[in-house]
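Chain by chain, the residues:
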Amino acid sequence: MKILLLIDSLGAGGAQRQLVGLAVMLKQLDYDVTVAIYHKNLFYADTLLSANVPYVYLKDANNSYKRIWVISQYIRRFNPAWVIAYLETPSIIASIAHIFNNKFKLIVSERNTSQIIKKNEKIRFQLFRFADYVVPNAYAQEKFIVNNFSYLKSKIITIANFVDTDYFIPRKHNRRLVPEIIIAASIWESKNTFGFIDAVKQLKDKGIKFHISWYGKMEAYIDYFNKCAEKIQQLDVSDCICLLDKTKQIKEKYQDADYFILPSFYEGTPNVICEAMACGLPIACSNVCDNPIYVHQGENGVLFNPLNVDSMAEAIAELLMIDDITYSNYCMNSRKIAIDKLSKKKFVESYIKLFKK
């Protein structure tokens, strides 16, 4: 069975990570898999090639005026049994291609949770009528679609993200006297970097010892990054938080940390929370979307209101001050939840069930 996986690029984003993982897993199960991209960002290209999964760069589709035509023609020539599209624009294009070519089956995906309905949502979900399945990675997004676009209800199958629990594993070390906290997320508005810095200031003023390494600098959001960096200097918290480039050594960063934090305003199923949990880290994160499915207050972490600086600071302070026995239990519980809810086997089998339907 020929399967084409379509996404914008092989960049360092969470959606790209999940699609590449799906491609590799399907290849290991002897499916004929190819990945198509139209932006030449190749962060995950080596992962595909090492698994013998080919990818094609549709250079002419880099031109937004030609994109729909070029991708539609490529799908027609490639003649797949299934197309799986990740992210909004690839899903929209694949839906348009499907209108004029019904020789393939189409799965479109929702990789985030919508907060409001604007023109883009209205167009996108109308076009999704032409898909065979709509696959959100978050139950919050499934609820949003059913409540607002009920005509898609019969097509929706939620498949949560996977985490490779054989790769992301804990590394035992004693919790530091000055805890090392990791955040792995793009430094931009939806991740709440600017507001979170105020919480860092509160924690420092309370005399709480900690250090945060935030991996997520992106050139696309450099103005926001610079604004956040300037605020860190103004509030004199540069000894408490560092803003850093994204890294391919993220597993090692999890394993070397004592805690993980994610203060975003909304999420789909956040890869980074799942990976940090698999590495046995206690979590502090926003009480939004699907986060409470994975982070259980008083069991493996704490939840807070990302719109409230006091809530963020108080929750993080609570987590940092737990005793050693509680800390150990939180670490074990994080790992257990990741294994139970986020396995690779469960993830790939969910897609295969769609193929067989």
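Position labels on residues start from 1 in each chain and follow its written sequence. Local features in a predicted model are, by the rule used here, given only for residues with pLDDT of at least 70; side-chain atom pairs are given and counted only at 80 or more, and totals for whole chains, interfaces and linings are based on all residues. Excluding hydrogens and water, the side-chain figures rest on all heavy atoms present in the structure.

A word on the environment of T193
Link 1 in the chain: Numbering of helices and strands runs from the N terminus, with a helix taken as a DSSP run of H or I at least four residues long and a strand as a DSSP run of E at least two residues long. Positionally, T193 belongs in helix α7 (residues 193–205).
Link 2 in the chain: Look at T193 and you get buried, because its relative accessible area is 0%.
Link 3 in the chain: With 89 residues separating them in the primary sequence, T193 and F104 have C-alpha atoms 42 Å apart.
Link 4 in the chain: Excluding residues within four positions of it along the chain, T193 makes contact with I187, W188, W214, Y224, C228 and L243. Only protein chains enter the calculation, and the probe is 1.4 Å; a residue is then buried if its accessible area is under 20% of its type maximum, exposed if over 50%, and partly exposed in between. Note on contacts: a residue pair qualifies if any of its non-hydrogen atoms lie within 4.5 Å across the two residues.

Quick look at the pairing of strand β6 (residues 133–136)
Link 1 in the chain: Taking every second residue as pointing to the same face, both faces of β6 are buried, with Y133 and V135 on one and V134 and P136 on the other.
Link 2 in the chain: Paired strands are those between which DSSP finds at least two bridges. Pairing analysis gives four bridges linking strand β5 (residues 105–110) to β6, with the strands arranged parallel. The residue of β6 that forms the bridge with V108 is V134.
Link 3 in the chain: Seen with its strands pointing away from the viewer, a crossover is right-handed if its path from the first strand over the helix to the second goes clockwise. Handedness of the crossover is the feature at issue here: the chain leaves β5, passes through helix α5 (residues 119–127), returns alongside β6, and the resulting connection is right-handed.

Quick notes on the sheet that holds strand β10 (residues 259–262)
Link 1 in the chain: Here we have six strands laid out as an open sheet, ordered β9-β8-β7-β10-β11-β12, and parallel in their pairing. Single-partner strands in this sheet number two, and they are β9 (241–245) and β12 (301–304). Geometrically, the sheet is characterised by an average inter-axis angle of 20° between neighbouring strands, direction not taken into account.
Link 2 in the chain: Orientation is described by lines fitted to C-alpha atoms, with helices fitted over the stretch in contact, and by angles between N-to-C directions that extend from 0 to 180 degrees. Strands β8 (211–217) and β9 of the sheet are contacted by helix α8 (residues 222–234), whose axis makes an angle of about 155° with β9.
Link 3 in the chain: Where helix α10 (residues 271–278) meets the sheet, its contacts fall on β7 (180–184), β10 and β11 (283–286), and the angle it forms with β10 comes to roughly 170°.

Description of the sheet that holds strand β1 (residues 2–6)
Link 1 in the chain: Read from one edge to the other, the open sheet built from six strands follows the order β3-β2-β1-β4-β5-β6, with strand pairing classed as parallel. The open sheet has two edge strands with one neighbour each: β3 (55–57) and β6. Each strand of the sheet is rotated relative to its neighbour by a mean of 20°, with strand direction disregarded.
Link 2 in the chain: Pairing of β1 with strand β2 (residues 32–37), which is carried by five bridges, proceeds in the parallel orientation. Considered in β2, the bridge of K2 is made with D32.

Points about the pairing of β2
Link 1 in the chain: Of all six residues that make up β2, five are buried, and the element is covered over most of its length.
Link 2 in the chain: As for the winding sense of the linkage, the β-α-β connection from β1 through helix α1 (residues 14–28) to β2 is right-handed.
Link 3 in the chain: In this structure, β2 lies alongside β3, joined through three bridges in parallel fashion. Bridging from a neighbouring strand, V35 pairs with Y55 of β3.
Link 4 in the chain: Handedness of the β2-helix α2 (residues 45–50)-β3 crossover: right-handed.

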